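# Tertiary structure, described
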Amino acid sequence: MGSGKPQVRYVMHADVVPASTSETPQGSLPEVWTQPPFRLTKVGDILYGRGTEDDKGPIAAVLVVMDVLRRFGLAPEARIEAVMGTGEEHDWDGFVAYAKTATAAAHTISLDAS
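Residues numbered from 1 in each chain as written. Predicted model: local features only at pLDDT ≥ 70, side-chain atom pairs only at ≥ 80, totals over all residues. Heavy atoms only, no water.

## Things to note about the overall build of the chain
Which entries qualify depends on this criterion: The helix and strand labels rest on DSSP assignments: H or I over at least four residues marks a helix, E over at least two residues marks a strand, and numbering proceeds from the N terminus. Classification of residues uses two cut-offs on accessible area relative to the type maximum, computed with a 1.4 Å probe and protein chains only: under 20% is buried, over 50% is exposed, and between them is partly exposed. We call two residues in contact when some of their heavy atoms are within 4.5 Å.
When its secondary structure is counted, the chain shows two helices and five strands. Listed N to C, the secondary structure of the chain is β-β-β-α-β-α-β in terms of helices and strands. For the chain, the proportion of its 114 residues judged to be buried stands at 23%. If you take every contact in the chain between residues at least 6 apart in sequence, the share linking residues at least 24 apart comes to 76%.

Structure below.
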């Protein structure tokens, strides 16, 4: 959103938690799972299943803010970016490559990392 040099960059991950972990052997599911992971199941207003996104809060917050700015015609004087990587659960190679080639933003905000 906006133009010119990036002023604010929001960095988030848009991947899916693996179906098994080091505590659960491949092919078995964690005991706490109440729904099958490979089929989308709706219970009330909640969706269960792989691909329903594990970082949806920060992604939704940033996209809503950018949409509200756009709807009210509040164009920033510089660029605001929402950047999402897809390898957070297993590798950061995509983000590392992006960081090496992207123009640095004045402010980078990671909404879910330490």
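## Re the sheet that holds strand β1 (residues 6–13)
Note the cut-off: Two strands are said to pair when DSSP picks up at least two bridges between them. Axis definition: a line fit to C-alpha positions, over the contact stretch in the case of helices; interaxial angles, taken between N-to-C directions, run 0 to 180 degrees.
Taken together, three strands build an open sheet; the order of strands is β4-β1-β5 and the sheet is parallel. Looking at which strands have only one partner, the edges of the open sheet turn out to be β4 (79–85) and β5 (107–110). Neighbour-to-neighbour, the strand axes of the sheet open up by a mean angle of 20°, direction not taken into account. Here β1 runs beside β5; their pairing, made up of four bridges, is parallel. If you follow V11 over to β5, its bridge partner there is S110.

## What to know about the pairing of β1
Each regular strand carries side chains that alternate between the two faces of the sheet. With six of its eight residues buried, β1 lies for the most part within the structure. Here β1 pairs with β4 via seven bridges, running parallel. Residue Y10 lies in a different strand from β4, and its bridge partner there is A82.

## A look at the environment of A82
Here A82 lies in strand β4. Accessibility expressed as a relative area gives 27% for A82, which makes it partly exposed. Those residues in contact with A82 that sit more than four places away from it in its chain are Y10, M12, V62, L63 and M66.

## Some remarks on the nonpolar core
Applicable threshold: Remark: nonpolar core denotes a set of buried residues (Ala, Val, Leu, Ile, Met, Phe, Trp, Tyr, Cys) joined through side-chain atoms within 4.5 Å.
Grouped together as the largest cluster of nonpolar side chains are five residues: M12, I59, V62, M66 and I80. By residue number, the principal contributor to this core is helix α1 (residues 56–71), which donates three residues. Look past the residues within four positions of I80 in its chain and what remains in contact with it is M1, V8, Y10, M66 and L69.

## A word on α1
Where we set the bar: For a helix, the expected span equals 1.5 Å multiplied by the number of residues minus one. Summarising the geometry, the arc corresponds to the directions from the helix axis toward the C-beta atoms.
For α1, which comprises 16 residues, the first-to-last C-alpha distance of 22 Å matches the rise-based estimate of 22 Å (1.5 Å per residue) to within 8%. Taken together, the buried positions of α1 are I59, V62 and M66. All buried residues of α1 fall inside an arc of 75° around its axis, so they share one side. With respect to the buried face of α1, the exposed residues turned more than 90 degrees away are K56 and R71.

## Observations concerning the environment of I80
Along the chain, the position of I80 falls in strand β4. Along the chain, I80 and M66 lie 14 residues apart, while their C-alpha atoms are 8.3 Å from each other.

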